[in-house]
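Breakdown of the fold
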Amino acid sequence: MKIAAAQLTCVPGDVVANVRQAVELAERAAADGAELVVFPELTLTGYEPGLVAADPDLLVGPHDARLDSLRNSGIATVINCAAPTESGPAIATFVYAGSGELIGSYLKQHLFEHEREVFVAGARDGRFELGGLRFSLATCFDNHFPDLIERSAADGCDVHLASSLYGTGGGVRERESIYPGIARDSNMSVVLANHVGQAGAWVGCGGSAVWRPGGDLLVEGDSSSTGVVAARVGKAVRTTSSPG
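Note that the structure is predicted; figures quoted are calculated from it, not measured.

**Here we look at the layout of surface pockets**
- The volume enclosed by the largest pocket comes to roughly 290 Å³.
- Forming the boundary of the largest pocket are 16 residues, of which Phe-112, Cys-140, Leu-165, Glu-174 and Trp-202 lie nearest the centre.
- Residues of the lining of the largest pocket, tallied by class, amount to seven nonpolar, five polar and four charged.

Quick look at the structure:
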């Protein structure tokens, strides 16, 4: 399957404008032959926890009409947003098939510092299947927890999808070490979607990318441009040791 990772500068607190940007990038990915496109963390609001806390209209459920154009874009999409739950707002990932059907969802489990003041944490791992491949979902800081990655590999996942925000400075180094390391240690393909430009208090460093199992880089975006990068991935090869 050919998978695309998007990168963009979100409009703070404007769900409609950010859906419009996501649709444009989804269409660009589809035109490049991709069957699935992954978006960065909190794409629909921008990385703006303060705005989310102040305005409940920024919360988006999986069947929100504002997502209709994205669901109808003709390509499977992995979109990250602020979503309502019974316990409060969560950082959520919704996965839609090319037909527009909801086929997966996930709530970020490991909240980063100030996020805990606004969002509630999820309690379940995210999985879905598409095109004969099994996918795992994670959001930014989740990917710093080896046990989450180990569960994904043990559960037979072929591809790990990460919607994230890494900024300039230290975020560049984290991005460069965490994601190839996941691909190397888990033997899964890894797809990272990251912000570019202003993202709340940070400046996204871009570099949306795809790594093959083992950690080799397949494709990578630059540090400043809105766009998509895409690469073809396949099933993970699991090795088992035989008795001596």
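**Details of the sheet that holds strand β14 (residues 227–232)**
- Spatially, the six strands line up as an open sheet ordered β5-β4-β3-β2-β1-β14, and their pairing is mixed. Strands with a single pairing partner mark the edges of an open sheet, and in this sheet they are β5 (102–107) and β14. This sheet shows a mean twist of 25° between the axes of neighbouring strands, independent of strand direction.
- Taken together, the three bridges between strand β1 (residues 2–7) and strand β2 (residues 36–38) define a ladder with parallel strand orientation. Along β2, the bridge assignment pairs Ile-3 with Leu-36.
- Most of the contacts of helix α1 (residues 15–31) go to β14, to which it runs at about 35°, and overall it touches β1, β2, β3 (76–83) and β14.

**Regarding helix α4 (residues 146–154)**
- Among all positions of α4, only Leu-148, Ile-149, Ser-152 and Ala-153 are buried. Angularly, the buried residues of α4 cover 135° about the axis, an arc narrow enough to put them on a single face. Turned more than 90 degrees from where α4 packs its buried face, Pro-146, Glu-150 and Ala-154 sit exposed.
- Residues of α4 that are buried in the fold lie against β5, β6 (126–130), β7 (133–139), β8 (159–163) and α5 (170–186).
- Following α4 by one or two positions, Gly-156 adopts a phi angle in the positive range, close to 80°.

**As for the pattern of salt bridges**
- Following the criterion strictly, the structure yields 14 salt bridges and no others.
- Notably, a salt bridge pairs Asp-155 with Arg-134, separated by 2.7 Å at the nearest N-O pair. Placement of the pair is Asp-155 in the loop between α4 and β8 and Arg-134 in strand β7, with a sequence separation of 21 residues.
- Measuring nitrogen to oxygen at the nearest pair gives 3.3 Å for the salt bridge that ties Arg-151 to Asp-147. Remark: Asp-147 and Arg-151 occur in helix α4; sequence separation between them is four residues, near one turn of the helix.
- Look at Asp-147 and you get partly exposed, because its relative accessible area is 37%.
- Salt bridges here are not isolated pairs; linked through shared partners, they connect Asp-125, Arg-127, Glu-129, Arg-134, Asp-147, Arg-151 and Asp-155.

Rules used throughout
- Residues numbered from 1 in each chain as written.
- Predicted model: local features only at pLDDT ≥ 70, side-chain atom pairs only at ≥ 80, totals over all residues.
- Heavy atoms only, no water.
- 1 Å grid on protein atoms, 1.4 Å probe; cavity = no way out; pocket = protein on both sides within 12 Å on 5 of 7 lines; lining within 4 Å.
- Points joined across faces, edges and corners; volume = space filled by probe spheres on them.
- Nonpolar A, V, L, I, M, F, W, Y, C, P; charged D, E, K, R; others polar.
- Pairing = 2+ DSSP bridges.
- Helix = DSSP H or I, 4+ residues; strand = E, 2+ residues; numbered from the N terminus.
- Axes fitted to C-alpha atoms, helices over the stretch in contact; angles between N-to-C directions.
- Contact = heavy atoms within 4.5 Å.
- Buried < 20%, exposed > 50% of the residue type's maximum accessible area, 1.4 Å probe, protein only.
- Arc of directions from axis to C-beta.
- Salt bridge = Lys/Arg side-chain N within 4 Å of Asp/Glu carboxyl O.

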